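Fold and geometry: a report
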Amino acid sequence: GKMSKLLTDKFYSAMKKLEPRYPSKVALLLPALHAAQDELGWLSGEVMDEVAGFIGIHPAQVREVASFYTMYNLKPVGKHHLKICTNVACLLRGAEKIVEVCENKLGIKCGETTKDMKFTLAEEECLGACGTAPVMMLNNDYHESLSPVKIEKLLDELR
């Protein structure tokens, strides 16, 4: 019988709409992974296999691409995904302190998720907002010019 699908019709109809805009189905890989992650929160092996099947490439290729980009979650992430930029500009402006505050407050280290699945903490290479460092992305929103006080307040609100 057919494998049960993890991705919904919404995913597949979105791909149908996108397909004509791309030179080949393989070119759809990144948008497909994004759409899958939006739908499910993270990319499990099964989901990557399904994307591979849809695009018609080997699952290993999908995994390779997905693990290359930090924006794809290869393990479950919390409801609030905190990605703190620790690149030079942000480091110079105290990003380490921000990471520290988050780790202490949430009781997890970078790369971990709280037991209640509410928070995931990650370091991000560069979020391209160096002028307003230190910067963090919370899910899809930017939080700029962070300070320990600001981040404490934000975490309290999200709790």
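Please refer to the structure higher up on the page.
Bear in mind the structure is a predicted one, so any value in this text is a computation, not a measurement. (Residues numbered from 1 in each chain as written. Predicted model: local features only at pLDDT ≥ 70, side-chain atom pairs only at ≥ 80, totals over all residues. Heavy atoms only, no water.)

**Details of the overall build of the protein**
- Scanning the protein for helices and strands turns up seven helices and four strands.
- N-terminal to C-terminal, the α/β element order of the protein is α-α-α-α-β-α-α-β-β-β-α.
- Across its three principal axes, the protein shows a C-alpha extent of roughly 55 × 35 × 25 Å.
- For the protein, the proportion of its 159 residues judged to be buried stands at 40%.
- When the accessible surface of the protein is summed, it comes to about 9100 Å², and 55% of that surface belongs to carbon and sulfur atoms.
- Computing the positive centroid from 20 side-chain charges and the negative centroid from 21, the protein places the two 4 Å apart. (Helix = DSSP H or I, 4+ residues; strand = E, 2+ residues; numbered from the N terminus. Buried < 20%, exposed > 50% of the residue type's maximum accessible area, 1.4 Å probe, protein only. Areas by Shrake-Rupley, 256 points an atom, 1.4 Å probe, with all protein chains shown as cover. Lys, Arg positive; Asp, Glu negative; His and termini not counted. Charge placed at Lys NZ, Arg CZ, Asp CG, Glu CD.)

**Brief notes about the nonpolar core**
- Core analysis: the largest hydrophobic core is formed by 21 residues, its most contacted members being Phe-11, Leu-33, Leu-43, Val-51 and Ile-55.
- For this core, the element with the most residues is helix 3 (residues 45–55), which contributes six residues.
- Among all residues touching Val-51, those that are not within four sequence positions of it are Leu-7, Phe-11, Leu-29, Ala-32, Leu-33 and Ala-36.
- The next biggest cluster of nonpolar side chains, apart from the first, holds 17 residues, and it includes Cys-102, Leu-106, Phe-119 and Leu-146. (Core = buried A, V, L, I, M, F, W, Y, C linked by side-chain atoms within 4.5 Å. Contact = heavy atoms within 4.5 Å.)

**Things to note about unusual backbone geometry**
- Cis geometry is found at the peptide bond from Ala-133 to Pro-134, where omega equals -10 degrees.
- Summarising the element assignment, Pro-134 is placed in the loop between strand 2 (119–124) and strand 3 (136–138).
- Phi at Met-117 is positive, roughly 65 degrees, even though this residue is not glycine.
- On the secondary structure map, Met-117 appears in the loop between helix 6 (95–106) and strand 2.
- With a relative accessible area of 38%, Met-117 lands in the partly exposed category.
- Positive phi, normally seen in glycine, also occurs at Ser-145, with a value near 45 degrees.

**With respect to the packing of helix 2 (residues 29–40) against helix 4 (residues 59–68)**
- The interhelical angle for the contact between helix 2 and helix 4, taken along N-to-C directions, is 75 degrees, at an axis separation of 11 Å. Relative to helix 4, the element helix 2 lies roughly perpendicular. Contacts from Leu-29, Leu-30 and Leu-33 in helix 2 reach Val-62, Val-65 and Ala-66 in helix 4.
- A per-class count over the contact of helix 2 with helix 4 returns six nonpolar, no polar and no charged. (Axes fitted to C-alpha atoms, helices over the stretch in contact; angles between N-to-C directions. Parallel < 35°, antiparallel > 145°, perpendicular 65-115°, else oblique. Nonpolar A, V, L, I, M, F, W, Y, C, P; charged D, E, K, R; others polar.)

**Some remarks on the packing of helix 3 against helix 4**
- The N-to-C vectors of helix 3 and helix 4 enclose an angle of 115 degrees; their axes lie 8 Å apart at closest approach. As helix 3 packs across helix 4, the resulting crossing turns out to be right-handed. Seen from helix 3, the contacting residues are Gly-45, Met-48, Asp-49 and Ala-52; seen from helix 4, they are Pro-59, Val-62, Arg-63 and Ala-66. (Left-handed = near helix turned anticlockwise from the far one by under 90°.)

**Quick look at the sheet that holds strand 2**
- Spatial ordering of the open sheet is given by 2-1-3-4, a layout of four strands whose pairing is mixed. Looking along the sheet, the strands with just one partner apiece sit at the ends: strand 2 and strand 4 (141–143). Across the sheet, the mean angle from the axis of one strand to that of its neighbour is 25 degrees, orientation sign disregarded.
- Pairing of strand 1 (residues 80–85) with strand 3, which is carried by three bridges, proceeds in the antiparallel orientation. The residue bridging Ile-84 from the neighbouring strand is Met-136, located in strand 3.
- Relative to strand 1, helix 6 is tilted by about 155 degrees, and along the sheet it contacts strand 1 and strand 2.
- Helix 7 (residues 148–158) rests against strand 1, strand 2, strand 3 and strand 4 of the sheet, and its axis sits at about 10 degrees to strand 3. (Pairing = 2+ DSSP bridges.)

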